[in-house]
Amino acid sequence: MEPARKRRISPVWEHFDLISPNKVRCLLCSKELGYNNNTSSMLRHYRALHENKEETRASSSQATRKQELDEALVSMIVKDTQPFTIVEDVGFRAFVSKLDPNYVIPTRQALKAMVEAKYESAKEKAKAKVEKVAAVSLTSDMWTSINMDAYLAVTCHFVGDKTRLSSVLLGVQAFPQSHTAENIARVKASLMEEWGITNKVTCMVTDGAPNMVACVRELKLRHHICIAHTLNLIVKKALDQNPVFSGIRAKARKLVGFFRSSTTAKEKLTQVQLHLGMAKLKLMQEVETRWNSTYLMLQRLVELMEPVGAALAGLQHDMPMITSDEFSIVGGCLSLLSPFYDATVELSAEENVSASKVVPLMKMLEQNLQEEIAKPAPAVALEMGEQLIRQLREKLYTLQSMSIMSLATLLDPRFKVIGFFSQTKATEAIKRLTSECATIVRAQQSREEIPQASTSHDVTGGSKLWRRLDTSVMEARRSQNVTADATVEVQRYLSEPNIGRLENPLGYWERQKLLYPNLHKLALAFLCTPASSVPCERVFSKAGEVVSKKRNRLKPKTVEKLLFLNKNE
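Residues numbered from 1 in each chain as written. Predicted model: local features only at pLDDT ≥ 70, side-chain atom pairs only at ≥ 80, totals over all residues. Heavy atoms only, no water.

## Considering the overall build of the protein chain
In terms of helices and strands, the protein chain carries 23 helices and eight strands. Taken over C-alpha atoms, the radius of gyration comes to 34 Å for the protein chain, far larger than the 25 Å a tight globule of 569 residues would show. For the protein chain, the spread of C-alpha atoms along the principal axes amounts to about 105 × 105 × 50 Å. Each of the 569 residues in the protein chain was classed as buried or not, and the buried ones make up 45%. By sequence separation, contacts in the protein chain at least 24 residues apart represent 66% of the contacts at least 6 residues apart. (Helix = DSSP H or I, 4+ residues; strand = E, 2+ residues; numbered from the N terminus. Rg over C-alpha atoms; globule rule 2.2 N^0.38 Å. Buried < 20%, exposed > 50% of the residue type's maximum accessible area, 1.4 Å probe, protein only. Contact = heavy atoms within 4.5 Å.)

Below you can see the structure in the form of structure tokens.
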């Protein structure tokens, strides 16, 4: 009974087991020791071989747990755009204490240092990813914070692993200097050099601001203006040039403003919707600079036409009413504008190939408008349809002539020549593609050729008299062979049937890269170009959450790091 009594008293028995009256076994290493009613030998064994290891293991486990929780906290700060001061909030500290009383919350300064360390690590990973690709396209835009600080953002787009489009935010830099094309170009050139992509850029996408256009010209890069901005300008011009429709819009704005500013009217509309068994929906107000907000405002107003009328009938107001004829005009115009809204959404996608869709979508928009104006409709809607067609054709002609758009369309196996509105423009694009392909073939041959001196000697037979003529003939023959090889590859590709519109064009090029090696390189370069600069607008939308009234003292460098991690992690 004595050993059992001591086993209960001495803590060392946690690591030993009594296997006989005079022998014990170590539970940590299975070594057997003699036992004579005392624990001295057991203590010596444990302290000599196991004590430090146990403490190290426990300490390591605690350190790992602390590191995991620190990383989770940093991720929350970045993803949810939380202020660093959250670690000082009483409620947050109490909440964390309930979850894990042993976790020591880092100070605000320590948390900021963790974010900076995570930024440096993430930036190195992003640079390694960009370094692997042969071609990229960029989008760029500018933004002004609530503190009236200007920022310039640049995003990078490329075909990454597994034939998927990838994007990286290169930087969001404070821009205190004058917004001239030269200053903007200088900052962009510095960013491109830092990321090692100066000679990899296929195209840069911006809005149509004169300084942005001049900046790209200064950088000597291919350029196209954001197609979402282009569509916005086309539709806004058609809306503004129609006085009848403008009057209806003004009425709609006042009506929506009434229901959004009056609690009584808002509650009345909700009651009517519930009484009619309809879903509870709110009216939407337009934003003057964005036509799609006008479309959504009118669409919702038409959808809620009955409950809005019933609600107004039970309210005292002096709101101008929209008549049934005016609702008919709105319905006709919405039918015209619906495809433009769908096209804007589709071309603003960041994870799908989009530049190659621009010309085919413009073609489809024009054909859709032709079909709509052929139907019976109010005169106001028909007039708007004709205005939209005129502007679309003007823009479509320009877009088909741009190398970036025409080559992207041809290199998309879903569209090829069928995507063009004009057969003449399609033929010009094929010539341009053949020329680009020949350039790649020529560069490849130049790398594989033997030194020029020995080939020249063989061709001329060592004769100095005939050297110039023989060399000219040799170069002409080489040029003809290059053009012929490029022509064969292009024509063979174009003669293949198009793949389905919902298939992945990058997957096609991955499968066919051995059959069309030179076109494959061109496809990777041109199909990574976004149709719009919306990726930059999304960055600035998040920037508005980062630089808020609660976080208006953040330094520009900290803003850049938080946005970089939010976008790239």
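## As for the layout of surface pockets
Considered as a void within the structure, the largest pocket measures approximately 740 Å³ in volume. Val133, Ala134, Ala135, Leu524 and Ala525 are, among the 30 residues lining the largest pocket, the residues nearest its centre. Looking at the lining of the largest pocket, the elements that each hand over two or more residues are helix H5 (108–131), strand S5 (150–159), strand S7 (201–206), helix H17 (423–448), helix H20 (505–512) and helix H21 (517–526). It is H21 that provides the largest number of residues to the lining of the largest pocket, a total of six residues. (1 Å grid on protein atoms, 1.4 Å probe; cavity = no way out; pocket = protein on both sides within 12 Å on 5 of 7 lines; lining within 4 Å. Points joined across faces, edges and corners; volume = space filled by probe spheres on them.)

## Digging into the sheet that holds strand S3 (residues 32–34)
Spatial ordering of the open sheet is given by S1-S2-S3, a layout of three strands whose pairing is antiparallel. Among the strands making up the open sheet, the edge pair consists of strand S1 (16–20) and S3. When the angles between neighbouring strand axes are averaged without regard to direction, this sheet yields 35°. Alignment of strand S2 (residues 23–26) against S3, held across three bridges, turns out to be antiparallel. Paired with Lys23 across the bridge in S3 is Gly34. Across the sheet, helix H2 (residues 40–49) lies against S1, S2 and S3, angled at about 145° from S3, the strand it touches most. (Pairing = 2+ DSSP bridges. Axes fitted to C-alpha atoms, helices over the stretch in contact; angles between N-to-C directions.)

## Details of the nonpolar core
Considering soluble globular proteins, one finds that nonpolar side chains tend to be buried as a cluster. Among the nonpolar cores identified, the biggest contains 93 residues, and Phe259, Val308, Phe340, Met362, Leu388, Trp509 and Leu519 are the most heavily contacted of them. Listed in part, the 61 residues of the second largest apolar core include Val115, Ile184, Leu191 and Val547. (Core = buried A, V, L, I, M, F, W, Y, C linked by side-chain atoms within 4.5 Å.)

## Let's talk about H5
Taking 1.5 Å as the rise per residue, H5 with 24 residues should run 34 Å; its terminal C-alpha atoms sit 35 Å apart, in good agreement. If you check which residues of H5 are buried, you get Leu111, Val115, Tyr119, Ala122, Lys123, Ala126 and Val130. (Expected span 1.5 Å × (residues − 1).)

## Side note on the packing of aromatic side chains
Applying the stated criterion across every chain, the model contains 13 aromatic pairs. The interplanar angle of 75° and the centroid separation of 5.5 Å between the aromatic rings of Trp13 and Tyr35 together place this pair among those described as edge-to-face. Residue Trp13 is located in the loop between helix H1 (2–9) and S1, and its partner Tyr35 is located in the loop between S3 and H2; the two are separated by 22 residues in the primary sequence. Using a relative accessible area of 4% as the deciding quantity, one classes Trp13 as buried. Considering the side-chain rings of Trp195 and Phe564, the 6.3 Å spacing of their centres and the 40° angle between planes classify their relative orientation as tilted. Separated by 369 residues along the polypeptide, Trp195 in the loop between helix H6 (181–194) and S7 and Phe564 in helix H23 (residues 556–568) bring together distant segments of the chain. On the basis of relative accessible area, Trp195 is assigned to the buried category, the value being 5%. An aromatic cluster is built from Tyr493, Tyr508, Trp509 and Tyr516, whose rings are joined through pairwise contacts. (Phe/Tyr/Trp six-rings, centres within 6.5 Å; stacked < 30°, edge-to-face > 60°.)

## Quick look at the pairing of S1
Direction of pairing for S1 relative to S2: antiparallel, over a ladder of four bridges. Residue pairing across strands places Asp17 opposite Arg25, the latter belonging to S2. As consecutive antiparallel partners, S1 and S2 are separated by two residues.

## Considering empty space enclosed by the protein
If you walk through the whole model with that rule in mind, you get one cavity of 30 Å³ or more. Of the voids in this model, the largest cavity is the one considered here, and its volume is about 50 Å³. Residue lining of the largest cavity: His157, Leu165, Ser166, Ala349, Glu350, Asn352, Ser354, Cys528 and Pro530, and that is the complete set. In terms of residue class, the lining of the largest cavity is built from four nonpolar, four polar and one charged. (Nonpolar A, V, L, I, M, F, W, Y, C, P; charged D, E, K, R; others polar.)

## Overview of the confidence of the model for the protein chain
On average, residues of the protein chain carry a pLDDT of 86, and 90% of them reach 70 or more. Per-residue pLDDT stays below 50 along residues 1–8; that stretch engages in 12 contacts with residues further than four places along the chain or on separate chains. Low pLDDT, under 50, characterises residues 450–456; the predicted model gives this stretch five contacts beyond four residues in sequence or across chains. (pLDDT = per-residue confidence, 0-100.)

## Some thoughts on the side chain of His15
Within the secondary structure layout, His15 lies in the loop between H1 and S1. Apart from residues no more than four positions distant in its own chain, His15 is found in contact with Arg25, Cys26, Leu27, Leu28 and Tyr46.

## Here we look at the sheet that holds S7
If you walk across this open sheet you meet the five strands as S6-S5-S4-S7-S8, and the pairing is mixed. Two strands close off the open sheet at either side, each with one partner strand: strand S6 (165–174) and strand S8 (223–225). With strand direction ignored, the average angle separating the axes of adjacent strands in the sheet is 20°. Sheet contacts for helix H7 (residues 210–219): strand S4 (136–144), S5, S7 and S8; angle to S7, the most-contacted strand, approximately 165°.

## Notes on the packing of helix H22 (residues 534–546) against H23
Put simply, H22 and H23 touch, their axes get as near as 10 Å, and they point 130° apart. When the axes of H22 and H23 are compared, the pair comes out oblique. Where H22 crosses over H23, the two elements pack in a sense that is right-handed. Between H22 and H23, the residues in contact are Val539, Lys542, Ala543 and Val546 and Leu562, Leu563 and Asn566, respectively. Of the residues that constitute the contact of H22 with H23, the class distribution is five nonpolar, one polar and one charged. (Parallel < 35°, antiparallel > 145°, perpendicular 65-115°, else oblique. Left-handed = near helix turned anticlockwise from the far one by under 90°.)

## Description of the side chain of Lys200
Tracing the chain through its elements places Lys200 in the loop between H6 and S7. An unpaired buried charge is present at Lys200: no salt bridge exists, and Glu131, the closest side chain of opposite charge, is 7.0 Å distant. One polar contact links the side chain of Lys200 to the main-chain carbonyl oxygen of Val130, over a distance of 3.4 Å. A distance of 3.1 Å separates a polar atom in the side chain of Lys200 from the backbone oxygen of Glu131. Apart from the residues within four sequence positions on either side, Lys200 is in contact with Val130, Glu131, Val133, Ala134, Ala135 and Val136. (Lys, Arg positive; Asp, Glu negative; His and termini not counted. Salt bridge = Lys/Arg side-chain N within 4 Å of Asp/Glu carboxyl O. Polar contact = N/O pair within 3.5 Å; in protein donor to acceptor, adjacent residues only side chain to side chain.)

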